[in-house]
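Chain residues, written in single-letter form:
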Amino acid sequence: MDEQTPAEEPAHRAPRVRAADSDRDAVLNVLALAHAAGRLDVGELDERQTGAMRAKYIDELPALLADLPEGRELHARYTAQTAGGGLGAGHGLQVPGTGHTPATSGENNLPVLPGAGRARNQVDILSGGDLELEAGTPELSDYALMGGSNIHLRQVMGPGVLLTLNLYSLMGGHDIFVPAGVRVVDETINIMAGNTIRKSAQGDGSQGTLVLKGFSVMAGHTVKLEPEDKRRLTR
């Protein structure tokens, strides 16, 4: 009797990654934006929201976003997390499982993920100051009333880093200083207000992605290049 040929070993597959509440919330936010833009009717919205809330694994989420421009970056992130080695396969990645609006970073297209540290909170009422966010900070929430701060991001930004600033301002605003190479995404809602992103401050994403969120009334924020980087680039 001929010897039986052993069955071929199945290809190695990365373990499935569980979705966090923040991942599901991020998808729900994209679906709401798509519905507001008229891309999804009420029935489609309800069906996809149900799918998002029931999702146990990251790989269940991309299909809910694939045909929505509002979810392009989030789709890219989740697809990257579930293909070719799973999370942490690249260099410079931070802790996974938080669902902000991500992108890919630089020439290597690294998935952009939030830091592992604690979120920061700050209140500026008729006041302000200098705030330096330390490495690993995933997000900052700031509430400003006729005030504002100088927010420096040199320490926190870097390859594969996602930082979200949730800024709520009334007749106030902040100066936000970024190092060269940071991609800036403005998702704020403004009434008689607006933000300015200096051309020199808008980078290619090689040093991470900064997402601005929040709500402003008669207020606004300015994103500038860190003074040291500005001096270096103008030499």
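Structural data are supplied above this passage.
Rules of the game
- Residues numbered from 1 in each chain as written.
- Predicted model: local features only at pLDDT ≥ 70, side-chain atom pairs only at ≥ 80, totals over all residues.
- Heavy atoms only, no water.
- Helix = DSSP H or I, 4+ residues; strand = E, 2+ residues; numbered from the N terminus.
- Buried < 20%, exposed > 50% of the residue type's maximum accessible area, 1.4 Å probe, protein only.
- Contact = heavy atoms within 4.5 Å.
- Areas by Shrake-Rupley, 256 points an atom, 1.4 Å probe, with all protein chains shown as cover.
- Pairing = 2+ DSSP bridges.
- Salt bridge = Lys/Arg side-chain N within 4 Å of Asp/Glu carboxyl O.
- Expected span 1.5 Å × (residues − 1).
- Phe/Tyr/Trp six-rings, centres within 6.5 Å; stacked < 30°, edge-to-face > 60°.
- Lys NZ or Arg CZ within 6 Å of the ring centre and 35° of its normal.
- Core = buried A, V, L, I, M, F, W, Y, C linked by side-chain atoms within 4.5 Å.

With that out of the way, let us pick up the overall build of the chain. When helices and strands are counted, the chain shows five helices and 14 strands. Counting all 235 residues of the chain, 41% fall into the buried class. In the chain, once contacts between residues fewer than 6 apart in sequence are set aside, the share between residues at least 24 apart is 65%. Accessible surface, the chain as shown: approximately 12800 Å² in total, 51% of it carbon and sulfur.

The subject of this paragraph is the pairing of strand 8 (residues 161-170). Among the 10 residues in strand 8, eight count as buried, and that is most of the element. Across seven bridges, strand 6 (residues 139-145) lies against strand 8 in parallel orientation. Pairing of Tyr143 across the sheet is with Tyr168, part of strand 8. Both strand 8 and strand 13 (residues 209-217) contribute to a ladder of nine bridges, which runs parallel. Bridged to Tyr168 within strand 13 is Phe215.

Turning our attention to the side chain of Ser149. In this fold, Ser149 is placed in the loop between strand 6 and strand 7 (150-152). For Ser149, a relative accessible area of 4% corresponds to the buried category.

Side chains that differ in sign of charge can pair as their charged atoms come close. Evaluated as defined, the whole model comprises 10 salt bridges. In this structure, Asp21 engages Arg24 in a salt bridge whose closest nitrogen and oxygen atoms are separated by 2.9 Å. Remark: Arg24 and Asp21 occur in helix 1 (residues 21-36); sequence separation between them is three residues, near one turn of the helix. The class of Asp21 is exposed, set by a relative accessible area of 55%. What makes Arg24 buried here is its relative accessible area of 15%. For Asp229, the salt bridge is made with Arg154, and the minimal N-O distance between the two is 2.0 Å. With a gap of 75 residues between them, Asp229 in helix 5 (residues 227-233) and Arg154 in the loop between strand 7 and strand 8 connect regions that are remote in the sequence. The exposure class assigned to Asp229 is buried, which follows from its relative accessible area of 5%. Accessibility expressed as a relative area gives 34% for Arg154, which makes it partly exposed.

Right, let's talk about helix 1 for a bit. The end-to-end C-alpha distance of helix 1 is 23 Å, a good match for the 22 Å that 16 residues give at a rise of 1.5 Å each. Where helix 1 is buried, its residues contact helix 2 (42-54), helix 3 (62-65) and helix 4 (72-81). Of the residues flanking the end of helix 1, it is Gly38, one or two places downstream, whose phi is positive at about 85 degrees.

This part takes up the packing of aromatic side chains. Inspection of every chain in the model, using the stated rule, returns one aromatic pair. Between the aromatic rings of Tyr143 and Tyr168, the centroid separation amounts to 5.3 Å while the plane-to-plane angle is 10 degrees, which identifies the pairing as stacked. Note that Tyr143 is positioned in strand 6 and Tyr168 in strand 8, a separation of 25 residues in sequence. Residue classification places Tyr168 among the partly exposed positions, given a relative accessible area of 35%. Here the guanidinium or amino end of Arg16 rests over the ring plane of Tyr57, the centre of that ring lying 3.9 Å away.

Core analysis: the largest hydrophobic core is formed by 19 residues, its most contacted members being Leu153, Leu165, Ile176 and Leu210. Of all the secondary-structure elements, those providing two or more residues to this core are strand 8, strand 9 (175-178) and strand 13. Per-element tally for this core: the top contributor is strand 8, with four residues. Filtering out sequence-adjacent residues up to four positions away, Leu210 remains in contact with Leu153, Met157, Leu163, Leu165, Ile176, Val178, Val182, Arg183, Val184 and Val185. In this structure, Ala19, Val30, Ile58 and Leu64 belong to the second largest nonpolar core, which totals 17 residues.

Strand-to-strand pairing in sheets goes through backbone hydrogen bonds, with the strands running parallel or antiparallel. Pairing within the open sheet is parallel, and its five strands lie in the order 5-7-9-14-12. Two strands in the sheet have a free side with no partner beyond their single neighbour: strand 5 (130-132) and strand 12 (196-197). Judged from the three bridges that link them, strand 5 and strand 7 form a sheet pairing that is parallel. Bridge pairing in strand 7 links Leu131 to Ile151.

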